[in-house]
Amino acid sequence: MKPAKSKTPRKPLVKKGTQASLKDPVGVYCRVRPLSFPDQECCIEVISDTTVQLHTPDGYRINRNGDYKEMQYSFKQVFGTLTTQKELFDVVANPLVDDLIHGKNGLLFTYGVTGSGKTHTMTGSAGEGGLLPRCLDMIFNSIGSFQAKRYVFKSNDRNSMDIQCEVDALLERQKREALPTPKTPSKRQIDPEFADMINVQEFCKAEEIDEDSVYGVFVSYIEIYNNYIYDLLEEVPFDPIKPKPPQSKMLREDKNHNMYVAGCTEIEVKSTEEAFEVFWRGQKKRRIANTQLNRESSRSHSVFIIKLAQAPLDADGDNVLQEKEQITLSQLSLVDLAGSERTNRTKAEGNRLREAGNINQSLMTLRTCMEVLRENQMYGTNKMVPYRDSKLTHLFKNYFDGEGKVRMIVCVNPKAEDYEESLQVMRFAEMTQEVEVARPVDKAICGLTPGRRYRNQAFREELTRRLELRGGPVGDEQSVTEILLQSFPPLTSCEILDVNDEQTLPRLIEVLEKRHHVRQMMTEELNRQVIAFRAMLQDFDNAVLNKENYIQGKLNEKEKVISGQKAEIERLEKKTKTLEYKIEILEKTTTIYEEDKRNLQQELENQSQKLQRQFSDKRRLEARLQGMVTETTMKWEKECERRVAAKQLEMQNKLWVKDEKLKQLKAIVTEPKNDKPERPSRERDREKISQRSVSPSPIPNAPPIRLRHRRSRSAGDRWVDHKPASNVQTETVMQPHVPHAITVAVANEKALAKCEKYMLTHQELASDGEIETKLIKGDVFKTRGGGQSVQFTDVETLKQESPTGRKRRSSTCAPTQEVATESEWTDVETRCSVALEMRAGSQLGPGYQHHAQPKRRKP
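Anyway, here's the lowdown on the structure attached to this text. (Residues numbered from 1 in each chain as written. Predicted model: local features only at pLDDT ≥ 70, side-chain atom pairs only at ≥ 80, totals over all residues. Heavy atoms only, no water.)

Spatially, the five strands line up as an open sheet ordered S27-S25-S28-S29-S30, and their pairing is mixed. Where the open sheet ends on each side, the last strands, each with one partner, are strand S27 (741-744) and strand S30 (788-799). Across the sheet, the mean angle separating the axes of adjacent strands is 25 degrees when strand polarity is ignored. Sheet topology note: the strand S29 (residues 771-782)/S30 ladder contains 11 bridges and is antiparallel. Each residue of the ladder has a partner; that of Gly-778, found in S30, is Phe-792. (Pairing = 2+ DSSP bridges. Helix = DSSP H or I, 4+ residues; strand = E, 2+ residues; numbered from the N terminus. Axes fitted to C-alpha atoms, helices over the stretch in contact; angles between N-to-C directions.)

Here you go:
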């Protein structure tokens, strides 16, 4: 059972503040490498510390008019050709390492065209170490004296750390050292192949290190080749007969929803040399190839991961706190992306062509993810970011979701041959700067008293000093017990040789009484000193507690002031960034508008010239059409005059025929009954008058002709007989007659409501000049609104025709009567009826026609 003093205070809850809602844009930096040859054509120029300008090289024409186009791109900072690795590290990587030591994640990757200096920037060269060895050097300079012993931290396959006591760690070390080939060898001579790379002259160290914690550094090295993940530190047993190819690794998600490579080798390192030796061992396994653009072109994306485990000391400040929940795990990922390339320039074939396609595809997926993130943040959309389309973006998904800072170094080669590729890289970098990543939350405080490590050391030193003052040096051969025994009175001889000896025992009793008295005095002195020392310790604790309370109060006040100032600074910084961003947008918008204005002015001039030409063409066309209209008008006026004259002649002939018919009728009516009527003749037959045959006299007392009424088909229903007042009475023998009909001159709703059938009598002038009567019949229906509607179903036609012309037709299909012969023209009635039928527009005549049309349904 653990003593009460070793219990750990409860972990305070992390309050969600405004820091979690703050966002920072992705830091994008640009580094321009020097030209390989001084006489090469350059297409990139550094304008200022934050701006570069791209010049169009000779042979490229951007606009249609052939003008050269220069473009400027802004970055957080631009590093020219004379920039050293130290200057680049201080600006870009130093803040990431400082965040790593304080429990925050970081991602740094280099992006650019093949041969632009990405690997040199990340790894470095002889005598000029890159960002990776400088990051390792800064980490071990900061935590060197606070590192835990090896195997105190133990990594597992769940992207977390286990912690064990020093005894278990010692057994683990002895077990590993007993192996013939240990994975983590002890200190050895530095490999001269990379000795110059890690020989960093400048000393760099993080500030405000937590001195009450112990640290452990673990490194892993992977590569993404053809969209497969391989472990470069994996120890594969060598088989000369059947060598095994490297096995690809899978991505997994831990309990905190962070992505990691399952089964990846993680090696604990204790120094910069050991860490870089592990990196160099994996670097030799990385896939590189010779292409037309680069002699050692990286054919895969490499990711070097530095994990820093941090655990607090216990309340005494002696041992590591054995609670897994108190372990803080942070990591820094250094990514060297393979260069984008165009196959028509690299002349890649076979495997090189396949590798280039996978490299370009993964970089395109990275660009797509950035575009979707920017669109979601700028326009408030919620599109799904395609992280899973590539292993590269899927692995670093958490960084873009707010698990750490993201920084990118854009490496460019200013030579003119890489102009088009550099242009695409610049556009991607400009778009990436608009993506914002949530600021990581500070780690939780463990709740133990700060400064306990050095306080425990000070207590031990003070205790050792006081013991030295009281009993001499602690390392002396005589102990405190021996010194105390020497201070007692010496014992006399205790041998009794005679029975009558009465002096030995009293002397022994006296000596023992003196010793007892001395012991009591020493005990009392010791108790007084213990009480005094306890009181002194109590006073000292009270003084320390008062000082701590006073200091804590002051610290709280200062922290409040600092928090307020930080909040104000963050607000002002955010406002400044927002205003700078707005200014940049306005400048870009102004540039775009000015260019659009010039283009529109040019287009306006072109359109004005075009309209002028069209106006001239229109005037010529109007003059031409005016002449054609005038000519056509004269032509049609003559044609109309000719047609009017022909129509007038035709109408005059018809009027003459009508006059002739009237004259014949008049002659027939006025001549006596016993005289023969003259047969009508045309103008050419006027001179030849032929005598008509005498017809027999009519039968005396013959009954008068009775008008016959034609019965409608549906006589059983009630009808509305609609006869307009403008109709002309024909007085024909056959007349439509419907019994029980309501006769109206104008159709009304009252009459329609009482009947089921409807008949309209309609008259019109036929083509031969005769009156044609149509009987239009229909059914009456009630509408849904309470009114009536009529659906027409049948049409009957009544028409008079000349007996000398066409044959008569009737609805009863009576046989056609033959034309009367010359002898039947003797009686006056017959000749009158024939003359009346020949009269245009006559109201008499027995002839009629019936045309029954099929019933039409309502569509």
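From this point, the narrative continues.
Close approach of charged atoms allows side chains with opposite charge to pair. Enumeration over the complete set of coordinates arrives at 31 salt bridges. With a closest N to O distance of 3.8 Å, Lys-514 and Glu-510 form a salt bridge. With Lys-514 and Glu-510 both in helix H13 (residues 504-670) and four residues apart, the pair spans about one turn of that helix. If you follow the salt bridges from partner to partner, you end up with Asp-24, Arg-439, Glu-570 and Lys-577 in one network. (Salt bridge = Lys/Arg side-chain N within 4 Å of Asp/Glu carboxyl O.)

Time to look at helix H5 (residues 272-283). Spacing of three or four residues puts side chains on the same side of an α-helix, whose turn is 3.6 residues. In this model, H5 (12 residues) spans 16 Å end to end at C-alpha, consistent with the 16 Å of a helix rising 1.5 Å per residue. When you tally the buried positions in H5, you get nine out of 12 residues, the bulk of the element. Of all the residues in H5, the buried ones are Thr-272, Glu-274, Ala-275, Phe-276, Val-278, Phe-279, Trp-280, Gly-282 and Gln-283. Contacts made by the buried residues of H5 are with helix H3 (131-143), strand S12 (213-225), strand S17 (267-269) and strand S20 (301-312). (Expected span 1.5 Å × (residues − 1). Buried < 20%, exposed > 50% of the residue type's maximum accessible area, 1.4 Å probe, protein only. Contact = heavy atoms within 4.5 Å.)

Turning to the packing of aromatic side chains, a few remarks are in order. How two aromatic rings sit relative to each other is set out by the distance from centre to centre and by the angle between their planes. By the definition in use, this model includes nine aromatic pairs. Consider the rings of Tyr-111 and Phe-428, whose centres lie 4.7 Å apart with planes at 45 degrees: the pair is tilted. Taken together, the residues span a long stretch of sequence, with Tyr-111 in strand S7 (residues 106-112) and Phe-428 in helix H10 (residues 419-432) at a distance of 317 residues. Neither residue differs from the other here; Tyr-111 and Phe-428 are each classed as buried. An angle of 75 degrees between the planes, with centres 5.6 Å apart, marks the rings of Tyr-221 and Phe-304 as edge-to-face. Here the residue Tyr-221 occupies a position in strand S12, and Phe-304 occupies one in strand S20, the gap between them amounting to 83 residues. Residue Tyr-221 shares its accessibility class with Phe-304, and that shared class is buried. An aromatic cluster of three or more residues is present, and its members are Tyr-221, Phe-276, Phe-279, Trp-280 and Phe-304. (Phe/Tyr/Trp six-rings, centres within 6.5 Å; stacked < 30°, edge-to-face > 60°.)

This next bit is on the nonpolar core. Counting 55 residues, the largest nonpolar core has Phe-75, Phe-396 and Met-426 as its most contacted members. The residues contacting Met-426, other than those within four sequence positions of it, are Cys-30, Ile-44, Val-52, Leu-54, Tyr-73, Phe-75 and Val-412. Of all hydrophobic cores here, the second largest spans 46 residues; its members include Cys-135, Met-138, Leu-233 and Val-278. (Core = buried A, V, L, I, M, F, W, Y, C linked by side-chain atoms within 4.5 Å.)

Within the secondary structure, Tyr-215 sits in strand S12. As a C-alpha pair, Tyr-215 and Ser-145 span 70 residues in sequence and 9.4 Å in three-dimensional space. A distance of 3.1 Å separates a polar atom in the side chain of Tyr-215 from the backbone oxygen of Asp-210. (Polar contact = N/O pair within 3.5 Å; in protein donor to acceptor, adjacent residues only side chain to side chain.)

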